[in-house]
Amino acid sequence: MSTAERPLLEVRDLVVSYGHVEAVRGVSLSVPEGRIVTLIGPNGAGKTSILSTLCGLVAPQRGSVWLDGREIAGWPPHRIVAAGMSLVPEGRAVLGRMTVEENLILAGELKQPAAALRPAIERQYAQFPVLGERRDHPAGSLSGGQQQMLAFARALLARPRVLLLDEPSMGLSPILVKQVFETIAAIHRAGTTILLVEQNVRLALSIADDAYVLERGQVVLHGPPGALTVDERVKAAYLGG
Ligand SMILES: Nc1ncnc2c1ncn2[C@@H]1O[C@H](COP(=O)(O)OP(=O)(O)OP(=O)(O)O)[C@@H](O)[C@H]1O
Ligand SMILES: [Mg+2]
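Let me sum up the structure you'll find in this document.

The rules behind the values
Residues numbered from 1 in each chain as written. Chains lettered and ligands numbered in written order. Predicted model: local features only at pLDDT ≥ 70, side-chain atom pairs only at ≥ 80, totals over all residues. Heavy atoms only, no water. Helix = DSSP H or I, 4+ residues; strand = E, 2+ residues; numbered from the N terminus. Buried < 20%, exposed > 50% of the residue type's maximum accessible area, 1.4 Å probe, protein only. Contact = heavy atoms within 4.5 Å. Axes fitted to C-alpha atoms, helices over the stretch in contact; angles between N-to-C directions. Parallel < 35°, antiparallel > 145°, perpendicular 65-115°, else oblique. Left-handed = near helix turned anticlockwise from the far one by under 90°. Expected span 1.5 Å × (residues − 1). Arc of directions from axis to C-beta. Near = heavy atom within 4 Å. Polar contact = N/O pair within 3.5 Å; in protein donor to acceptor, adjacent residues only side chain to side chain. Areas by Shrake-Rupley, 256 points an atom, 1.4 Å probe, with all protein chains shown as cover. Nonpolar A, V, L, I, M, F, W, Y, C, P; charged D, E, K, R; others polar.

1. Some details on the overall build of the protein chain
Working step 1: If you tally the helices and strands in the protein chain, you get 10 helices and 10 strands.
Working step 2: If you line up the protein chain on its principal axes, its C-alpha atoms span 50 × 40 × 40 Å.
Working step 3: For the protein chain, the residues scored as buried account for 49% of the 241 residues in total.
Working step 4: Considering only intrachain contacts with a sequence separation of at least 6, the fraction spanning at least 24 residues in the protein chain is 65%.

The following block contains the structure:
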């Protein structure tokens, strides 16, 4: 195995339950360093539950999560961020009444030493100029696409080695979806490993190196996108036949 193939993130036999609802039922997956891996599946399959568990927001009932060789399952979120993994959550979760800058400061204060925060924020304004221009505007006044940029910037403040993306194209027009995917490609080119949950299966498979299909809390298919796009089950269920 070359260094490029070393799994930076490895999940083994993950089980996540909410009371009696078993949302994730023994999922194993591997995200090699430097790759984009996509996780697709229908509503309620358990995709968000997996990402929430990986970044410490939900405690797993069973299973292990390894980040760069360290077992992190059960760690609190701030420690997981410090260890190199950040989440862009489903629905973006920006604080609408706070300014763009306040959103970044609040997120950054949890993630970095104070002296590093200003340059970290300026780095994000350089990457997303529209956020710099609108730094004093309430985040809620931004367009959906701009709010997604803010959600990306917030997650990138800590310079993650692995970025978890939960439905980044949700609710966006086709032009903005294209922009979001260009942003993902740019973040990846800059050296970040990505685990992408995405409802736009065609687009997700076009950008990914490896793909997992999740149904009812279990991985039902796993392989390179080229193989999945010609798989009859994937074509029928996700690519419009
Ligand atoms: N906080 C919660 N409490 C109870 N049940 C939950 C909770 N969050 C999710 N679930 C249930 O767990 C299952 C998996 O949900 P999850 O949100 O992980 O799926 P998903 O694949 O992300 O779906 P979507 O495509 O709709 O975002 C569903 O049955 C859902 O109703
Ligand atoms: Mg979800």
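2. Here's the deal with the packing of helix α3 (residues 100-109) against helix α6 (residues 144-156)
Working step 1: At their nearest, the axes of α3 and α6 sit 9 Å apart, and the two run at 30° to each other. Here α6 runs roughly parallel to α3, going by the angle between their axes. Viewed along their axes, α3 and α6 form a crossing whose handedness is right-handed. Counted together, V100, N103, L104 and A107 of α3 and L150, A153 and R154 of α6 form the full contact between these two elements.

3. Description of helix α4 (residues 114-127)
Working step 1: Here α4 is 14 residues long and its end C-alpha atoms lie 21 Å apart, about the 20 Å a rise of 1.5 Å per residue gives.
Working step 2: When we look at burial in α4, the residues that qualify are L117, A120, I121, Q124 and Y125. An end-on view of α4 places all buried positions within 140° of arc, on one side of the element. Counted as exposed and oriented over 90 degrees from the buried face of α4: A115 and A126.
Working step 3: Of the surrounding elements, those touching the buried residues of α4 are α3, α5 (129-133) and α6.

4. Some details on the site of ligand 1
Working step 1: Close to ligand 1 lie Y18, A23, P42, N43, G44, A45, G46, K47, T48, S49, E90 and E167.
Working step 2: A distance of 2.8 Å separates an oxygen atom of ligand 1 from a polar atom in the backbone of G44.
Working step 3: S49 is positioned such that a nitrogen or oxygen atom in its side chain is 2.5 Å from an oxygen atom of ligand 1.
Working step 4: Burial of ligand 1 by the protein chains amounts to 60% of its free accessible area of 630 Å².
Working step 5: Here the shell around ligand 1 takes three residues from helix α1 (residues 47-54), the largest share from any one element.
Working step 6: A per-class count over the shell around ligand 1 returns four nonpolar, five polar and three charged.

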